[in-house]
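Residue strings, one per chain:
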Amino acid sequence: MTITESERDALYKTIFSRRDVRGEFLNKPVPEDILKRILKAAHHAPSVGFMQPWDFIVVQCPSTKQAIKEGFQKAHAESAEMFDSERKQQYSALKLEGILEAPLGICVTCDRSRNGPVVLGRTIKPEMDLYSSVCAIQNLWLAARAENLGVGWVSIIHDHVLRTALNIPDSIDIIAYLCVGYVSQFHEKPELEKRGWLSRRSLEAAIHYESWPED
Ligand SMILES: Cc1cc2nc3c(=O)[nH]c(=O)nc-3n(C[C@H](O)[C@H](O)[C@H](O)COP(=O)(O)O)c2cc1C
């Protein structure tokens, strides 16, 4: 199957216009068939040894979201203390989640024991299963953008909060809590760039030929 030029362009448009969304979620339900489409895209991600170690917990219950939000608030305050005074102020002013506003939360996990202790491709670098779950998240993120749905990744939260709120056993790794929903707008640039936190590194600085650069 050959990808046409316009299909290729649509993919790049999706990639470059994908954003992490925090403050723009609308109170508008996500139809079940669209949710299923983005989860199907996630489920078709590559995985080491075809292990498919992920699961997706869809969260809609307001009291569950509230418990997760409280966990975020504690972790956010704790995190602020790790920055020096100037950065701390800037950090504290950033909105870094949309847990209550987003109609859906999706917790993505990794079952590191799925398909037994020896998995093709994971024999030398066991962390490949975690990376596989991250591939699923990226598929979901891009599929959501193609559906005009925003996604925000919330990582400022202790695992025990999500374990308790979502009844996740200790044997399962927590990879992400995602906020998902329709949005008022997608920012043109990453918000952290817009707000002067960091800027995009040049592509040239990231590409090296033949070996790691000398300096
Ligand atoms: C692994 C991972 C964890 C992240 N955790 C958070 C988070 O806790 N809160 C937040 O606001 N953004 C989080 N982000 C989003 C990044 O800040 C964002 O991707 C980056 O600033 C670039 O912006 P863009 O996604 O809009 O292009 C996370 C992204 C990744 C990949």
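For the structure itself, look to the data block above.
Calculation rules
Counting restarts for each chain, with residues numbered from 1 along the sequence as it is written. Since the coordinates come from a predicted model, pLDDT governs what is reported: local features require at least 70, and pairs of side-chain atoms require 80 or more to be given and counted, while whole-chain, interface and lining totals use all residues. Side-chain descriptors were evaluated using all non-hydrogen atoms of the structure, hydrogens and water having been removed beforehand. By the criteria applied, helices consist of DSSP H or I runs no shorter than four residues and strands consist of E runs no shorter than two, each listed in order from the N terminus. Contact criterion: two residues are considered in contact whenever any of their non-hydrogen atoms come within 4.5 Å of each other. Proximity is defined per residue: any heavy atom of the residue falling within 4 Å of a molecule or strand makes that residue near it. Any pair of nitrogen or oxygen atoms within 3.5 Å is treated as a polar contact; in protein, a donor-acceptor pairing is required on top of that, and neighbouring residues in sequence qualify only through side-chain atoms on both sides. Method for areas: the Shrake-Rupley scheme with a 1.4 Å probe, in which residue coverage is limited to the protein chains shown. By the convention adopted, Pro, Cys, Tyr, Trp, Phe, Met, Ile, Leu, Val and Ala count as nonpolar, Lys, Arg, Asp and Glu as charged, and the other residues, Gly among them, as polar. Only residues whose relative accessible area exceeds 30% and that form no salt bridge are eligible for patches; like-charged ones are grouped when within 9 Å, while nonpolar side chains (Val, Leu, Ile, Met, Phe, Trp, Tyr) are grouped when within 5 Å. Salt bridges are defined by distance alone: a side-chain nitrogen of Lys or Arg within 4 Å of a carboxyl oxygen of Asp or Glu. Angles run from 0 to 180 degrees between N-to-C directions of axes, and those axes are lines fitted to C-alpha atoms, restricted for helices to the stretch in contact. When an angle is under 35 degrees it counts as roughly parallel; over 145 it counts as roughly antiparallel; between 65 and 115 it counts as roughly perpendicular; any other value is oblique. Count a disulfide wherever a pair of cysteine sulfur atoms falls within 2.5 Å. Residue exposure (1.4 Å probe, protein chains only): buried if accessible area is under 20% of the type maximum, exposed if over 50%, otherwise partly exposed.

Caption draft 1: Quick peek at the environment of A80. Relative to the elements of secondary structure, A80 occurs in helix α3 (residues 62-80). A80 sits 39 residues away from V119 along the chain, and the two C-alpha atoms are 40 Å apart. In contact with A80, not counting residues within four places along its chain, are K88, Y91 and S92.

Caption draft 2: Main features of the site of the ligand. Surveying the vicinity of the ligand reveals the residues R18, R19, D20, R22, L96, W153, V154, S155, I156, P190 and L192. One nitrogen or oxygen atom from the side chain of R22 is found 2.7 Å from an oxygen atom belonging to the ligand. When the ligand sits alone it has 620 Å² of accessible area, and the protein chains cover 73% of it. By residue class, the composition of the shell around the ligand is 6 nonpolar, 1 polar and 4 charged.

Caption draft 3: Looking closely at a nonpolar patch on the surface. On the surface, a nonpolar cluster with roughly 420 Å² of combined accessible area is contributed by L11, Y12, I15 and F16. By secondary structure assignment, the location of Y12 is in helix α1 (residues 5-17).

Caption draft 4: Looking closely at the packing of α3 against helix α6 (residues 159-166). Their axes nearest at 9 Å, the elements α3 and α6 cross at an angle of 170°. As summarised for this structure, α3 and α6 are arranged roughly antiparallel, according to the angle between their axes. Taking contact as the criterion, the partners of T64, A67, I68 and G71 in α3 are, on α6, V161, L162, A165 and L166. Residue composition of the contact of α3 with α6, grouped by class: 6 nonpolar, 2 polar and no charged.

Caption draft 5: Looking closely at the state of the cysteines. Scanning all chains against the criterion turns up 0 disulfides. Unpaired in terms of disulfides, C135 finds its nearest cysteine sulfur in C110, a separation of 11 Å.

Caption draft 6: Geometry of the pattern of salt bridges. A complete count under the given rule lists 16 salt bridges for this structure. Close ionic contact of E191 with R22 constitutes a salt bridge, the shortest N to O distance being 3.2 Å. On the criterion of sequence distance, the pair formed by E191 in helix α7 (residues 191-194) and R22 in the loop between α1 and α2 (32-43) is long-range, its members being 169 residues apart. The same class applies to E191 and to R22, which are both buried. If you follow the salt bridges from partner to partner, you end up with D20, R22, E191 and R195 in one network.

Caption draft 7: How the structure looks around the side chain of E97. With respect to the helices and strands, the residue E97 is situated in the loop between α4 (85-93) and β2 (104-110). Residue E97 is classed as buried on the basis of its relative accessible area, which comes to 5%. A polar side-chain atom of E97 sits 2.9 Å from a polar atom in the side chain of K69. In contact with E97, other than residues within four places in its own chain, are R22, K69, F72 and V154.

So, to be careful, I would describe these as geometric facts and stop short of saying anything about function.
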